[in-house]
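# Fold and geometry: a report
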Amino acid sequence: MRRVRTLGLLGTGVIGGGWAARALHFGIDVLAADLKPEMEEWIRGAVANAEASLARLTLAPLPPKGKLSFTTDLQAMARQADFIQENIPEQLELKQRVLAAVSHHAPADVVIASSTSGLMPSDLQRDMVAPERFLVAHPFNPVYLLPLVELVGGRQTSTAALDAASTFFTYIGMHALRVRREVPGHLTDRLQEALWREILHMVNEDVATTGELDDSIVYGPGLRWAAMGTNLIYHLAGGESGMRHMLRQFGPCLQWPWTKLEAPELSEALIDKMVAGTQAQAAGRSIRELERLRDDYLVAIQQVLKPYNIGAGATLRALEERLYEAAAAGARARIDAADQPLRLVETYVRPEWIDYNGHMTDSRYLQVFGDATDALFRYAGVDDGYRRSGRAMYTVETHVTHKAEARALEPLYVTTRVLEVDDKRVRLLHSLHRRRDEALVASARQLYLHVNTPPGKASPMEAGVRARLAVLQAAHASDQTEDRRS
Ligand SMILES: NC(=O)c1ccc[n+]([C@@H]2O[C@H](COP(=O)([O-])OP(=O)(O)OC[C@H]3O[C@@H](n4cnc5c(N)ncnc54)[C@H](O)[C@@H]3O)[C@@H](O)[C@H]2O)c1
């Protein structure tokens, strides 16, 4: 299977738009195809809208954004894409027909995946050319913020296609959940559907309003579900002996008529109650407003979960580790080439970094200089493994001098010099430059202390780390360029 540089989208509605935003953000070009030409404007709007919250998901250094193009020529898209994600309406015959047509034009090493919420991959791949490269990749709305994607193979799907899809989705920051065998609704929608049927019953029987039922989740189980699923949570409910005790204690309830999994009839009266209930919950807020609120807390929850390395926080942490490592690898190559001075970070002023004067805001200087330090220390051997062993570099002092302005989208780079290194301390000088005229925008002098993290005490750094930094210090000692004196 080929490396994915261009993602082809088939259908550019809610889900296609979400895929586009996520892929573009992580540096993948997107070729979006839809029958309706007016969807071009729609998808560009959807991507811009998603970018507002997506941009706050991680501060890790990102590759340059991908480019979005649009076509109504499905065959042209199929010929050019390295990976195709289908997102057309949920109708079996329509999907079968369109997937078969597209498979005639896409080379056999191009994976084709469907976003279907519940159709079976064996049915969808039936008429395709090279059906072994087809699978279901079921995402969740908003695709650009929720990391889960269920991967489901059909009878003819190859392991190579599932592996390639897994690699690609992980690359764009997702948690690829391999479903062992195909079942209608896959895993998540089957679970969601059970809850949904109970909701419809309870609204139908006037047991509760839509708002009360949402409260019954939001103030309780919903908080737990963000990081632990029902099974692990019930294991905790059993006390010291866990799930075994829980099943003994609550097992008899399974015989009681708590649930009614057959769905109720969707009568007009029930529809009216559902609509009136949710309108009352929305309390005059538009869908766009509610989406923004949802996106903001989804970003915040993932950031909160990150230090606990659990659930979506673990996915975000792994993604950031990869992004920092990729940035450091680029820097490492430049260090090895003995570039003088070291160019450790190449970036540009992202629109959300701007203050009310239209310039890059203070805190972003620290972020960019921090990224340069991160790349340098990784080169020296202070990486995630080193930190997990209970040793780290702590910032003791930072002195930033501002010299010139940086405006939105301005390309920038950071050069770094090791001024001093001893057993426990490293002194660095970073210089931030505008790429267009090489002007010095700001410099930062920083002092780092090597710390044994459990007691939080200064300690000697590993000999190899010190030696690598000392080599750089010696190389930089002779450098007398202007920004060194700033
Ligand atoms: N909406 C969700 O929450 C959600 C979540 C996960 C998966 N899905 C699945 O994603 C798929 C798409 O759902 P959606 O909500 O984005 O639908 P949508 O109606 O918003 O978008 C469908 C798009 O497909 C286009 N289209 C229709 N026929 C086409 C064809 N023959 N060729 C190219 N484009 C065509 C339409 O013009 C439209 O833009 C469905 O299979 C759905 O089950 C939806």
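Please refer to the structure higher up on the page.
Report on the accompanying structure.

### With respect to the site of the ligand
Among the 22 residues in the neighbourhood of the ligand, the closest are listed as Ile-15, Asp-34, Glu-90, Lys-95 and Ser-117. Asp-34 is positioned such that a nitrogen or oxygen atom in its side chain is 2.7 Å from an oxygen atom of the ligand. The separation between an oxygen atom of the ligand and a polar side-chain atom of Glu-90 is 2.6 Å. Computed on the free molecule, the ligand has an accessible area of 840 Å², of which 78% lies beneath the protein chains in the complex. Of all the elements in the fold, those that place two or more residues in the shell around the ligand are α1 (14–25) and α4 (92–103).

### Some remarks on the pairing of strand β12 (residues 425–434)
Across the ten residues of β12, eight count as buried, placing the element largely inside the fold. Judged from the nine bridges that link them, strand β11 (residues 411–421) and β12 form a sheet pairing that is antiparallel. Each bridged residue has a counterpart across the sheet, and for Thr-416 the counterpart in β12 is His-430. Remark: three residues form the turn of the hairpin made by β11 and β12, two consecutive strands paired antiparallel. Pairing of β12 with strand β13 (residues 440–452) involves nine bridges; the strand directions are antiparallel. The partner of Leu-432 across the bridge, within β13, is Ala-442. As consecutive antiparallel partners, β12 and β13 are separated by five residues, and within that stretch Glu-438 has a phi angle of approximately 65 degrees, a positive value.

### Focus on the sheet that holds strand β3 (residues 68–71)
Across the sheet, which stays open at both edges, the eight strands sit in the order β3-β2-β1-β4-β5-β6-β7-β8 with mixed pairing between neighbours. The open sheet terminates on both sides in strands that have one partner only, identified here as β3 and β8 (175–179). Ignoring which end each strand starts from, the neighbouring axes of this sheet average 25 degrees apart. As paired elements, strand β1 (residues 6–10) and strand β4 (residues 83–86) share four bridges and run parallel to each other. Following the sheet pairing, Leu-9 is matched in β4 by Gln-85.

The rules behind these values
- Residues numbered from 1 in each chain as written.
- Predicted model: local features only at pLDDT ≥ 70, side-chain atom pairs only at ≥ 80, totals over all residues.
- Heavy atoms only, no water.
- Near = heavy atom within 4 Å.
- Polar contact = N/O pair within 3.5 Å; in protein donor to acceptor, adjacent residues only side chain to side chain.
- Areas by Shrake-Rupley, 256 points an atom, 1.4 Å probe, with all protein chains shown as cover.
- Helix = DSSP H or I, 4+ residues; strand = E, 2+ residues; numbered from the N terminus.
- Buried < 20%, exposed > 50% of the residue type's maximum accessible area, 1.4 Å probe, protein only.
- Pairing = 2+ DSSP bridges.
- Axes fitted to C-alpha atoms, helices over the stretch in contact; angles between N-to-C directions.

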